[in-house]
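Coordinate analysis (summary)
So you can see what is in the structure, the chains are spelled out below.
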Amino acid sequence: MGQGIQQAPVQQGEGGSSLMDVLRVLYEPGAVFERVREKPSFLVPYLVICVVQIAVYFVNMPFLRAGMAAQVASRPAGGPDPSKFLWIGAVFIPVGFAIGLLIGAGLLWVLVSVFGGEAKFGKLMSVAAYSAVPSVVVLAIVGTLVLHMQGVGQITGPQDLQPALGLDLLAPGAKGFVGAVLKSINPFSIWGLVLTAIGVSTTHRLSKQTGYMVATVAFLIGVIIAGGAAAVFKR
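Residues numbered from 1 in each chain as written. Predicted model: local features only at pLDDT ≥ 70, side-chain atom pairs only at ≥ 80, totals over all residues. Heavy atoms only, no water.

Attention shifts here to the overall build of the chain. Counting its secondary structure elements, the chain contains 11 helices and 0 strands. Sorting the 235 residues of the chain into buried and exposed places 37% on the buried side. Summing over all exposed atoms, the chain offers an accessible surface of approximately 13,100 Å²; the carbon and sulfur share of this is 69%. (Helix = DSSP H or I, 4+ residues; strand = E, 2+ residues; numbered from the N terminus. Buried < 20%, exposed > 50% of the residue type's maximum accessible area, 1.4 Å probe, protein only. Areas by Shrake-Rupley, 256 points an atom, 1.4 Å probe, with all protein chains shown as cover.)

In structure tokens, the structure reads:
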């Protein structure tokens, strides 16, 4: 009877902590991923990240319009104004992030299996979701602050919508594959790499070394994919 009384508050605490874990993962990743190991949960961080991303999207709408206007300025006059349809982009944020999570979790599943672990896809989905907080949420908020400090007048094209916060600071004019690779390597993405390593090693009871090997390989593959996409679309 005494055990039952003690168990109920723990269950309530675990259930109520999922939302706060999106914040706690930034400074208590070990504790968060221990809870993920016991009970995988990717829906809450997924929803929180989507809400933040959509909010940031609309906050940055004046900058998006300025970037779009600069892009279409060189096109023949008389065509439709694409800036009127920018709001549609918010609809694709949840879809795009869901696809990214599935790809990330799938990659982690393969790497954990290769490095000798018994990969659990549900747990790795949760690891991918929580580990995305620095590079998706924190980076978006910091980037928004930088844009607003610079002002709309500094926007000369879509490339200015992503302020330099990583290795791209060393090569401001870099574009295409090199530019995307440099931009992908920043303090927030490295932070996400560390969280991924902790998440993988904690949820699958692997060594720290194996966790960092898995996270580093996944990170490098992601950087290459980002660079390849930029090269294909000539960004």
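Next up on the list: helix α3 (residues 29-38). Taken together, the buried positions of α3 are occupied by Pro29, Val32, Phe33 and Val36. Taken end-on, α3 shows its buried residues confined to a sector of 90°, consistent with a single buried face. Tucked into the core, α3 has its buried residues touching α2 (18-24), α7 (121-131) and α10 (187-203). (Arc of directions from axis to C-beta. Contact = heavy atoms within 4.5 Å.)

Among the surface-exposed residues, Leu102, Trp109, Val110, Val114, Phe115, Phe121 and Met213 lie close enough to one another that they form a single nonpolar patch of about 620 Å² accessible area. By secondary structure assignment, the location of Leu102 is in helix α6 (residues 89-114). (Patch = residues over 30% accessible without salt bridge, like charges linked within 9 Å, V, L, I, M, F, W, Y side chains within 5 Å. Salt bridge = Lys/Arg side-chain N within 4 Å of Asp/Glu carboxyl O.)

Applying the stated criterion across every chain, the model contains 3 aromatic pairs. Between Phe33 and Tyr130 the ring centres are 6.4 Å apart and the planes differ by 90°, which places this aromatic pair in the edge-to-face class. With Phe33 in helix α3 and Tyr130 in helix α7, this pair connects stretches of sequence that are 97 residues apart. Ring centres 5.7 Å apart and planes at 5° place the aromatic pair Tyr46 and Phe97 in the stacked group. Separated by 51 residues along the polypeptide, Tyr46 in helix α4 (residues 43-59) and Phe97 in helix α6 bring together distant segments of the chain. Across this residue pair, the class does not change: Tyr46 and Phe97 are buried. (Phe/Tyr/Trp six-rings, centres within 6.5 Å; stacked < 30°, edge-to-face > 60°.)

Val25, Phe97, Leu101, Leu108, Tyr130 and Val200 are the most contacted members of the largest nonpolar core, which totals 28 residues. Elements with a minimum of two residues in this core: α3, α4, α6, α7, α8 (133-150), α10 and α11 (208-232). (Core = buried A, V, L, I, M, F, W, Y, C linked by side-chain atoms within 4.5 Å.)

This brings us to the packing of α8 against α10. Two elements in contact, α8 and α10, have axes whose closest approach is 8 Å; the angle formed by their N-to-C orientations is 155°. Relative to α10, the element α8 lies roughly antiparallel. By crossing handedness, the relation of α8 to α10 is classed as right-handed. Of α10, the residues touching α8 (which contributes Pro134, Ser135, Val138, Leu139 and Val142) are Phe188, Ser189, Trp191, Gly192 and Leu195. Residue composition of the contact of α8 with α10, grouped by class: 7 nonpolar, 3 polar and no charged. (Axes fitted to C-alpha atoms, helices over the stretch in contact; angles between N-to-C directions. Parallel < 35°, antiparallel > 145°, perpendicular 65-115°, else oblique. Left-handed = near helix turned anticlockwise from the far one by under 90°. Nonpolar A, V, L, I, M, F, W, Y, C, P; charged D, E, K, R; others polar.)

When the pLDDT values of the chain are averaged, the result is 85; 85% of them are 70 or greater. Summarising per-element confidence for the chain, the mean pLDDT is lowest in helix α1 (residues 2-16) (39) and highest in α10 (97). (pLDDT = per-residue confidence, 0-100.)

Here α6 contains 26 residues, and its C-alpha end-to-end distance of 37 Å stays within 8% of the 38 Å for a straight helix at 1.5 Å per residue. By the burial criterion, the buried members of α6 are Ala90, Ile93, Phe97, Leu101, Ala105, Leu108, Leu111 and Val112. Tucked inside the fold, the buried residues of α6 contact α4, α7, α8, α10 and α11. Residue Gly116 follows α6 closely and has a positive phi angle near 95°. (Expected span 1.5 Å × (residues − 1).)

Turning our eyes to something else, we now look at the packing of helix α9 (residues 176-184) against α11. Remark: α9 packs on α11, axes separated minimally by 7 Å, with the N-to-C direction vectors making an angle of 140°. The element α9 and its partner α11 pack so that their crossing is right-handed. Residues Gly176, Phe177, Ala180, Val181 and Ser184 of α9 touch α11, and the partners they reach there are Phe219, Val223, Ile224, Ala226, Gly227, Gly228, Ala230 and Ala231. A per-class count over the contact of α9 with α11 returns 9 nonpolar, 4 polar and no charged.

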